[in-house]
Structure formats: structure tokens, C-alpha cells
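Each chain, written out:
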Amino acid sequence: MNEEKRFYTFVFAPTASSPLRKFAVPHNALYVILGFAAVGFLTIAYGAYKLSQHAYVVAKLNLMQNENRRLRGENDEVKTNMDRMQGRLAAIETTSRKLAEVSGLLPASTATMGAGGPSGNDIPDLEQTTSSLELQLRQLKDVFDKNQVKLASTPSGWPVRGYITDGFGARSNPFGGGGVETHPGLDISAPFGTGINATADGIVIFAGVHGGYGNVVVVDHGYGVTTRYAHMSRIDAQVGDHVTRNKQIGAVGSTGRSTAPHCHYEVRLQDRPVNPMSYVATALR
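Below you will find a few notes about this structure. Residue indices begin from 1 for each chain and proceed along its sequence in written order. Predicted model: local features are reported for residues with pLDDT of at least 70 only, side-chain atom pairs are reported and counted for 80 or more only, and whole-chain, interface and lining totals are derived from all residues. Only hydrogens and water are set aside; all other atoms, that is, all heavy atoms of the structure, feed into the side-chain values.

With that out of the way, let us pick up the overall build of the protein chain. Numbering of helices and strands starts at the N terminus; helices are DSSP runs of H or I of at least 4 residues and strands are runs of E of at least 2. Within the protein chain, the secondary structure is distributed over 3 helices and 15 strands. Counting every position in the protein chain, which comprises 285 residues, the buried fraction comes to 27%. Whether two residues are in contact is decided by their heavy atoms: any pair within 4.5 Å suffices. In the protein chain, 59% of the contacts between residues at least 6 apart in sequence involve partners at least 24 apart. Counting every atom, the protein chain has about 18300 Å² of accessible surface; 58% of that belongs to carbon and sulfur. Relative accessibility decides the category of a residue: with a 1.4 Å probe and only protein chains considered, values under 20% of the type maximum give buried, values over 50% give exposed, and everything between is partly exposed. The Shrake-Rupley method, run with a 1.4 Å probe sphere, supplies the accessible areas, and residue values consider only the shown protein chains as cover.

Structure below.
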């Protein structure tokens, strides 16, 4: 007995005013159509999946290439920083050695810089070491600068070239009558009008007539040190002037308590007279 054939009827209306159209499709044919449709859908889905996989691989490859470029850039930057910091270390060592030699902190034959560079390629350690050395360099330079200022402000040499007629300390009264008096400086005989020079850098704190000194200039050199230049025939400085070593501040005369033209020269520490020969002698070493 033949199996009863079954049909599926599909109704189609192209437009609202068109007559209905009916199509009868055997159920076996419908199954075939659905099977082909399923195969087509799966094929399309698989193709889409493969395309998405390819897109993922391409995107990942692009990310890896970008990361490689970034890492190369970082490596180049690290190398540049290393080169720059090693240059700074070399400059610090050279400058520090020169400062140490010039300032006398180390003998020229053995002057070396104590610290070195980092042991590895660690940029933070190198930066810290470099900064530490730069701080030491600034401190050393400060010491050097202060020593230079102090050196320039320390009396040295002669205020005038001539003959010492009286030294520092006890002496006989030069005006006669016997007796011994304390002489707080050096008397240097020189021709009238010979220029008198400051023996160190400083500020003029007095310029005028003062008792037995006659015309006198007093220079403050800082660090508690002052110098006095007396019996001048002419004063070439005024209060507030900044004078440097060997700057002329007056001329030899015989004003005040004086027997003949000469320069009375004093060095004082904390306003107490000390022997000027200790400072004059530094220019002779």
C-alpha cells in the first residue's frame, strides 16, 4: 500500500489588493529545502568564525608590533639616559679633582674623587648616585668658593714698599724722653706721596683723622679681621668703598703722631692688634 503523500500549502499575497496565491509543496521537498538552508547557514557561520579568527590574529599581531616598537623606544631612551648620566659622572669627577687640587684640599699628585658610578644598568641607582655626586660637588665648590673669598680677604704682602723703622710690640719712645711703649703695628718708611695699597679685599669702615693716627683708613675684611693704614698725606677712599688687594687707598705722609713720612700698618683680630709680620711674610713664601 503506497504511503499517503503529504503536502504543505503556502499562501502568498504580493499586495493587499492582489488575489491570494497558494503553493502546495510536498513534505519531502520541504525537508530537502530546509536541509540545504541549514547547510548554507552553517557554512556562512563557519566562514564568519574563520574571518573573526583571522581578524583576532591580525589584531594581536598589530598589538605585538606596537609593543615591540614601544619597548625599542624605551630601550633607546634608557641607553640615552645611561650615556647622559655617565657623561655627568665623568664631568663631576674631573671638576671635583680640579677643585680639590686648586683649593689645596688634596695634593695635586694624589687628588682623586672618592665615589664612582653605579655597578649595573639600573637607571634609578645611577640617577641617585649621580645626584649624590653632584651634591658633593656643590658642597666642595662651596668650600672652594669660601676658601677663595677668605683667602682674598686675608691680609697678605706689603701696603707700601720701604724700610721697617719700628716693629710690633715694645719699643722706645720715638719722641725721646725715655720710657717704653707698646707699638701695635709696623712703621714702614717711604718717600712722601708714595701710594699705600690695601693688603686684602674688604670694605672701608673709616676714612679720616683719628688722634695720633692722623689721616687713617680702616678696612674690614670680614672674619673678624681689620687693617689700619695711618699718617697718610692723602686719603683716596671713603667709607663704604669696596676695595680689593693692591687697590690704592691713600699716600704716605706724616700726619698725626709722626716723626717723618711713613706708613703705620696694623692688623687686628677681633679688634686686638696682632703682629703684621705674620701676614707680610705670607707674600714672601
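Unusually for a residue other than glycine, Tyr223 sits at a positive phi of about 60°. Tracing the sequence through the fold places Tyr223 in the loop between strand E9 (215-222) and strand E10 (225-230).

This part covers the environment of Leu151. You can see Leu151 is positioned in helix H2 (residues 123-152). In this structure Leu151 comes out as exposed when scored by relative accessible area, which is 55%. On a C-alpha basis, the gap between Leu151 and Ala200 in space is 8.5 Å, while along the polypeptide they are 49 residues apart.

To define a nonpolar core, start from buried Ala, Val, Leu, Ile, Met, Phe, Trp, Tyr and Cys residues and group those joined through side-chain atoms within 4.5 Å. Of all hydrophobic cores here, the largest spans 22 residues; its most connected members are Ile196, Tyr229 and Ile249. The set of elements that each furnish at least two residues to this core consists of strand E6 (186-189), E9, E10, strand E13 (248-252), strand E14 (262-269) and helix H3 (277-280). Of all the elements, E14 adds the most residues to this core, at 3 residues. In this structure, Ile249 is in contact with Ile196, Asn197, Ala198, Val217, Tyr229, Met232, Ile235, Asp236, Ala237 and Val243, ignoring residues within four places of it in sequence.

Taken together, the 3 strands give an open sheet; going across it, the order is E7-E13-E11, and neighbouring strands pair in antiparallel fashion. Pairing within the sheet leaves two strands with one partner each, and these edge strands are strand E7 (195-197) and strand E11 (232-235). Adjacent strand axes in the sheet meet at a mean angle of 35°, parallel and antiparallel pairs treated alike. Two strands make a pair as long as DSSP finds a minimum of two bridges between them. Two strands pair when backbone bridges link them, and E11 and E13 are joined in this way by 3 bridges, in the antiparallel orientation. Bridging from a neighbouring strand, Ile235 pairs with Gly250 of E13. For helices, the fitted axis covers only the stretch in contact; all axes are lines through C-alpha atoms, and the angles between them, taken along N-to-C directions, range from 0 to 180 degrees.

Turning our attention to the pattern of salt bridges. The rule for a salt bridge is simple: a side-chain nitrogen of Lys or Arg has to be within 4 Å of a carboxyl oxygen of Asp or Glu. Overall, the coordinates contain 8 salt bridges when judged by the stated rule. Here Asp166 ties to Arg171 by a salt bridge, and the two come within 2.9 Å at their closest N and O atoms. Assessed through its relative accessible area of 13%, Arg171 is described here as buried. With its nearest N and O atoms 3.6 Å apart, the salt bridge here joins Asp271 to Arg228. Highlighted residues: Asp271 in the loop between E14 and strand E15 (272-274) and Arg228 in strand E10, separated in sequence by 43 residues. Here the salt bridges do not stand alone but share partners, grouping Asp166, Arg171, Glu181, Asp187 and Arg257 into one network.

The subject of this paragraph is the pairing of E14. In terms of burial, E14 is a largely internal element, 7 of the 8 residues being buried. The pairing of E6 with E14 spans 4 bridges and is classified as antiparallel. Looking at E14, one finds that Leu186 is bridged to Tyr265. As paired elements, E10 and E14 share 6 bridges and run antiparallel to each other.

This part takes up a nonpolar patch on the surface. Residues with no salt bridge and a relative accessible area higher than 30% make up the patches, which join like charges within 9 Å and nonpolar side chains (Val, Leu, Ile, Met, Phe, Trp, Tyr) within 5 Å. Residues Ile203, Ile205 and Phe206 make up a contiguous nonpolar surface patch of roughly 230 Å² in combined accessible area. As for its placement among the helices and strands, Ile205 is situated in strand E8 (residues 202-209).

Position of Glu181 among the secondary structure elements: in strand E5 (residues 180-183). Polar contact is defined as a pair of N or O atoms within 3.5 Å, subject to the rule that within protein one atom must be able to donate a hydrogen and the other to accept it, and that residues adjacent in sequence are counted only when both atoms are side-chain atoms. Polar side-chain contacts of Glu181 include one of 3.3 Å to the side chain of Arg257.

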